[in-house]
Amino acid sequence: MKPDLFQAPDYYNLDDLLTEEHKLIREAARDWVKRDVSPIIEEYAQKAEFPTQIISGLAEIGAFGPYIPEEYGGAGLDQISYGLIMQEIERGDSGVRSTASVQSSLVMYPIYKYGNEAQRKKYLPKLASGEWMGCFGLTEPNHGSNPSGMETKFKDMGDHYLLNGAKMWISNAPFAQVAVVWAKNEEGRIHGLIVERGMEGFSTPTTHNKWSLRASATGELIFDNVKVPKENLLPNKSGLGAPLGCLDSARFGIAWGAIGAAMDCYDTALRYCKERQQFGKPIGQFQLQQKKLAEMITEITKAQLLAWRLGNLRNEGKATSAQISMAKRNNVDMAITIAREARQMLGGMGITGEYSIMRHMMNLESVITYEGTHDIHLLITGLDVTGLNAFK
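None of the values given here were measured: they were computed from a predicted structure. (Residues numbered from 1 in each chain as written. Predicted model: local features only at pLDDT ≥ 70, side-chain atom pairs only at ≥ 80, totals over all residues. Heavy atoms only, no water.)

**Points about the nonpolar core**
Selection rule: By convention a nonpolar core is built from buried Ala, Val, Leu, Ile, Met, Phe, Trp, Tyr and Cys residues, the set being connected through side-chain atoms within 4.5 Å. Buried residues are those whose accessible area, probed at 1.4 Å on protein chains only, stays under 20% of the maximum for their type, while exposed residues exceed 50% and partly exposed ones sit between those limits. For the purposes of this entry, the term helix denotes a DSSP run of H or I that reaches at least four residues, the term strand denotes a run of E that reaches at least two, and both are numbered from the N terminus. By definition in these notes, contact holds between two residues if any of their heavy atoms fall within 4.5 Å.
Among the nonpolar cores identified, the biggest contains 101 residues, and Ile89, Ile111 and Trp182 are the most heavily contacted of them. Top contributing element to this core by residue count: helix α6 (residues 241–275), with 18 residues. What isoleucine 89 contacts, discounting residues up to four positions off in sequence, is Val33, Leu58, Ile61, Ala63, Val96, Arg97 and Ala100. Ranked by size, the runner-up nonpolar core spans 19 residues in total, among them Ala179, Ala183, Met199 and Val226.

Below you can see the structure in the form of structure tokens.
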């Protein structure tokens, strides 16, 4: 196993914009990734298996609900801290970051934001510690970019709700104890329900044969007349805006996480081009290689500034959904472009598991699609700047 020699680029001295706490949080996450993720992640990606032994480590570095108040088990951190943790984890692997993103933004966030005090106290401490893992059920076999068309429904049976339907492409589903599921009531209104493993009729078959996010556990959620206690309904928000609010938080984390993947590809390519000799000199001395590297560091720097500004807007409660969409789309597109360029710089070595680049490239093919596709985010920005709805 090659040692993790990663050195983070900071071309515009962005560390000067961070607090000492931000930097300590980032370094703790970075050190953990180098020690506990990098040495094993290629093997687990090849096996298409999630390394469950890292769950406790994710909890220890505050990756589960970092912005959730301490009284519920979270770390009570700000949004930039959350972003920096996601950046460092995705530098290790997008699938591992997906696990943390789902737990934080798609499970803990809605329970904290839309749940009642009893729900917060029951679920959040266990989720924050990693004792329980969670998943988020929105996407369905027939409804991805159009979640309002969901077919999963629940009926009021007097003393409980009866839930029927299916969700797919669900990160963490195979091992999650808790699922935050979005379904329509008899009037067609979307609500969130907390479904627990062990409820009769609830199953989570694993999705196999993935070429992407291979070190992440993906599955389906099947609901066959599942009896859900009435106290498991999230009471404080309904309608499509409720799950979309969760996606805002997740997309924000992705905007930071993608920078980590891009940094890793850039750092690998930079180091390789100084060592690899062709025609009697390092390939980094050739103009086209320098062009690639110069473009990479420029785009990373722009993405860092975009994410940092967005983090401040989130801290101030001013960030709009459209601004978050712009950062998610731009930064993932930036990262996948850098991964492809870096792969070329390494030639044949770029496709091997000896280097992280091909794994990042495959992972980013999922990241550019989930939490809103590249094209959908472009249309969100288009709607925002024109006021004209291309979705109708």
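On we go from here.
**Comments concerning the state of the cysteines**
This is how the line gets drawn: A pair of sulfur atoms, both from cysteines and within 2.5 Å, is called a disulfide here.
Here the structure, examined in full by the defined rule, presents 0 disulfides. Take cysteine 273: it sits in no disulfide, and the sulfur closest to it among the cysteines is that of cysteine 265, at 14 Å. For cysteine 273, a relative accessible area of 3% puts it in the buried group.

**Let's talk about the UniProt feature "domain: Acyl-CoA dehydrogenase/oxidase N-terminal" (unreviewed entry) in the protein chain**
Just so we agree on the cut-off: UniProt positions are given in the numbering used here, feature names are shortened, and annotations may be inferred rather than shown by experiment.
UniProt's entry tags residues 19–131 with the feature "domain: Acyl-CoA dehydrogenase/oxidase N-terminal" (unreviewed entry), counted in the numbering of this structure. In the segment residues 19–131, helix accounts for 73% and strand for 0%; the C-alpha atoms at its two ends are 31 Å apart.

**Some details on the pattern of salt bridges**
So the rule is basically this: Any carboxyl oxygen of Asp or Glu that lies within 4 Å of a side-chain nitrogen of Lys or Arg is treated as forming a salt bridge with it.
Tallied over the full model, the rule gives 22 salt bridges. As a salt-bridge pair, glutamate 20 and lysine 23 come within 3.1 Å of each other at their nearest N and O atoms. Of this pair, glutamate 20 and lysine 23 both sit in helix α1 (residues 20–47), separated by 3 residues, roughly a single helical turn. Glutamate 20 sits in the exposed class, given a relative accessible area of 56%. The network of salt bridges with shared partners includes Asp15, Arg26, Glu27, Arg30 and Glu88.

**Points about helix α9 (residues 357–367)**
Of all 11 residues in α9, 8 are buried; the element is thus mostly enclosed. Taken residue by residue, α9 has Ile357, Arg359, His360, Met361, Asn363, Leu364, Ser366 and Val367 as its buried positions.

**Side note on the pairing of strand β4 (residues 178–184)**
How we decide: At least two bridges found by DSSP between two strands is the condition for calling them paired.
β4 sits mainly inside the fold: 7 of its 7 residues count as buried. Along β4, one buried face is formed by Val178, Val180, Trp182 and Lys184 and the opposite face, lined by Ala179, Val181 and Ala183, is buried too. Two elements, strand β1 (residues 134–137) and β4, share 4 bridges in a ladder whose sense is parallel. Bridging from a neighbouring strand, cysteine 135 pairs with alanine 179 of β4. Bridging between β4 and strand β5 (residues 190–196) involves 7 bridges; their strand directions are antiparallel. Looking at β5, one finds that valine 178 is bridged to glutamate 196. Between β4 and the antiparallel strand that follows it, β5, lie 5 residues; glycine 188 among them carries a positive phi value of about 85 degrees.

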